[in-house]
Amino acid sequence: MKLELSVLSLLSYETPYIPIQHEPIENSTMTEKNYSAYQQKVIKRFYENRDAIALQRASELVTELYLTQGAKRKKVWQSLEKNLEKAGVPAAQIDHLKQQDNPELVAKLLSQMV
């Protein structure tokens, strides 16, 4: 009987609600978001080299495209399509490459862009 009462009393115990006070969020620049100088440089270089990063990732995806089949191949094409868009390839050209489904054509395009 004692055990049942203690379990019931534990189950019915409610913790008090203590509101958390947050600082207001304002529109701010990168320097005001408390990023260190190093972090600011890393972020800046990322955005400066975004197209090169997309080309590198697209090259990796072409390798995967050679090796995959079926449903996985469709997923690789979707990722490749996004990375080619980021690299600045026109949408019509991407659609043509996707219709051809030939990794060699994509590899040739990427080698010309580099």
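Residues numbered from 1 in each chain as written. Predicted model: local features only at pLDDT ≥ 70, side-chain atom pairs only at ≥ 80, totals over all residues. Heavy atoms only, no water.

Is there a simple way to explain the overall build of the protein in this structure?
A count of helical and extended segments in the protein gives 6 helices and 0 strands. Along the protein, helices and strands appear, N-terminal first, in the series α-α-α-α-α-α. Per-residue burial for the protein yields a buried fraction of 20% across its 114 residues. The long-range share in the protein, meaning contacts at least 24 apart out of those at least 6 apart in sequence, stands at 48%. Accessible surface, the protein: about 9,700 Å² in total, of which carbon and sulfur atoms supply 54%. (Helix = DSSP H or I, 4+ residues; strand = E, 2+ residues; numbered from the N terminus. Buried < 20%, exposed > 50% of the residue type's maximum accessible area, 1.4 Å probe, protein only. Contact = heavy atoms within 4.5 Å. Areas by Shrake-Rupley, 256 points an atom, 1.4 Å probe, with all protein chains shown as cover.)

For this particular structure, what's the right way to read the packing of helix α5 (residues 91-100) against helix α6 (residues 103-113)?
The N-to-C vectors of α5 and α6 enclose an angle of 145°; their axes lie 8 Å apart at closest approach. When α5 is examined against α6, the residues Gln93, Leu97 and Gln100 are found in contact with a partner set consisting of Leu105, Val106 and Leu109. Counted by class, the contact of α5 with α6 contains 4 nonpolar, 2 polar and no charged residues. (Axes fitted to C-alpha atoms, helices over the stretch in contact; angles between N-to-C directions. Nonpolar A, V, L, I, M, F, W, Y, C, P; charged D, E, K, R; others polar.)

In this structure, what is going on with the packing of aromatic side chains? I would like to understand it.
Each aromatic ring pair is characterised by the separation of its centres together with the angle its planes make. One pass over the structure, following the stated rule, counts 1 aromatic pair. Judged by centre distance (5.0 Å) and plane angle (80°), the ring pair of Phe46 and Tyr47 falls under edge-to-face. Relative accessible area serves as the criterion here: at 53%, Tyr47 is assigned to the exposed category. (Phe/Tyr/Trp six-rings, centres within 6.5 Å; stacked < 30°, edge-to-face > 60°.)

Just checking my understanding: could you explain the nonpolar core for this structure?
Side chains that are nonpolar tend, in soluble globular proteins, to be buried together. Ranked by internal contacts, the top residues of the largest apolar core, which has 17 residues, are Trp77, Leu80, Leu84, Leu97, Val106 and Leu110. If you list the elements that add at least two residues to this core, you get α3 (50-67), α4 (71-86), α5 and α6. With 6 residues, α3 is the largest single contributor of residues to this core. With residues near it in sequence (within four places) discarded, Leu97 still touches Trp77, Leu84, Asn102, Leu105, Val106 and Leu109. (Core = buried A, V, L, I, M, F, W, Y, C linked by side-chain atoms within 4.5 Å.)

Help me understand the side chain of Thr68, please; the structure alone is not making it clear to me.
Relative to the helices and strands, Thr68 is located in the loop between α3 and α4. Take Thr68: its relative accessible area is 11%, and that puts it in the buried class. Here Thr68 is in contact with Arg73 and Val76, once residues within four sequence places are set aside.

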